[in-house]
Amino acid sequence: MQYTSYPTLHILQKKTYIFSAMFIIGNILLPQLCHLVPQGGLMLLPIYFFTLVGAYCYGINLGLLTALLSPVVNNLLFGMPPTTALPAILVKSVSLAIAASYVAHRTQRVSIGLLALVVVAYQTIGMVFEYIYTNSLSAALQDVRLGIPGLLMQVLLGYFVIKRISE
């Protein structure tokens, strides 16, 4: 499915920071809603959703700003994610921003398959990092063990949101 690609926002443009702020707010509000459900954050992985959409639609600069600031601001405001989990979440978020912006730029289209590829890529990088960082296979596989609903939400809902933004 072809989509209207928006130009990558330049890091020095005021619009980059305004749009980044909007996606960061989304990455703050969505986790708060998901945390109302027991283990909602672990199952739905909401901290990644707006990073995926922002990076896919607006490029690497917005994606990296959202990827880096969303977990840190959430941690400072709400203590979630816990400080001990921040390194792994930051690696996953940055990997997601890079993968999403790269795939969008290279293909100039969006599809469920391409978004699944992005999700598999960032999760694989994140799992390897988390295993090395924690020396725990259980911790490294947590997103795959518990987060299948969130991974599916990223792919399916992400597809519809990205299509809607690009229309």
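All figures in this text were calculated on a predicted structure; none of them were measured in a lab. (Residues numbered from 1 in each chain as written. Predicted model: local features only at pLDDT ≥ 70, side-chain atom pairs only at ≥ 80, totals over all residues. Heavy atoms only, no water.)

## Let's talk about the nonpolar core
- Ranked by size, the top nonpolar core spans 33 residues in total, and within it Tyr48, Tyr56, Leu115, Val118 and Ile162 carry the most contacts.
- Counting only elements with at least two residues in this core, the list comes to helix H1 (14-34), helix H3 (49-58), helix H4 (60-78), helix H5 (86-107), helix H6 (112-134) and helix H9 (148-166).
- Sequence-distant contacts of valine 118, that is, excluding residues within four places in its chain, are made with Leu52, Tyr56, Leu96, Ala99, Ala100 and Val103. (Core = buried A, V, L, I, M, F, W, Y, C linked by side-chain atoms within 4.5 Å. Buried < 20%, exposed > 50% of the residue type's maximum accessible area, 1.4 Å probe, protein only. Helix = DSSP H or I, 4+ residues; strand = E, 2+ residues; numbered from the N terminus. Contact = heavy atoms within 4.5 Å.)

## Some details on H9
- Taking 1.5 Å of rise per residue, 19 residues should cover 27 Å, and H9 covers 26 Å from first to last C-alpha, within 8% of that figure.
- Within H9, burial applies to Gly150, Leu151, Met153, Gln154, Val155, Gly158, Tyr159, Ile162 and Ser166.
- Of the surrounding elements, those touching the buried residues of H9 are H1, helix H2 (40-44), H3, H6 and helix H8 (142-146). (Expected span 1.5 Å × (residues − 1).)

## Some points on the pattern of salt bridges
- The tally for this structure, following the rule as stated, stands at three salt bridges.
- The residue glutamate 130 makes a salt bridge to lysine 92 at a minimum N-O spacing of 3.0 Å. Pair noted here: glutamate 130 is in helix H6 and lysine 92 is in helix H5, with a separation of 38 residues, a long-range link. In this structure, glutamate 130 and lysine 92 share a single accessibility class: buried.
- In this structure, the salt-bridge partner of aspartate 143 is lysine 92, at a minimum N-O distance of 2.8 Å. One end of the pair, aspartate 143, is in helix H8; the other, lysine 92, is in helix H5, with 51 residues separating them in the sequence. (Salt bridge = Lys/Arg side-chain N within 4 Å of Asp/Glu carboxyl O.)

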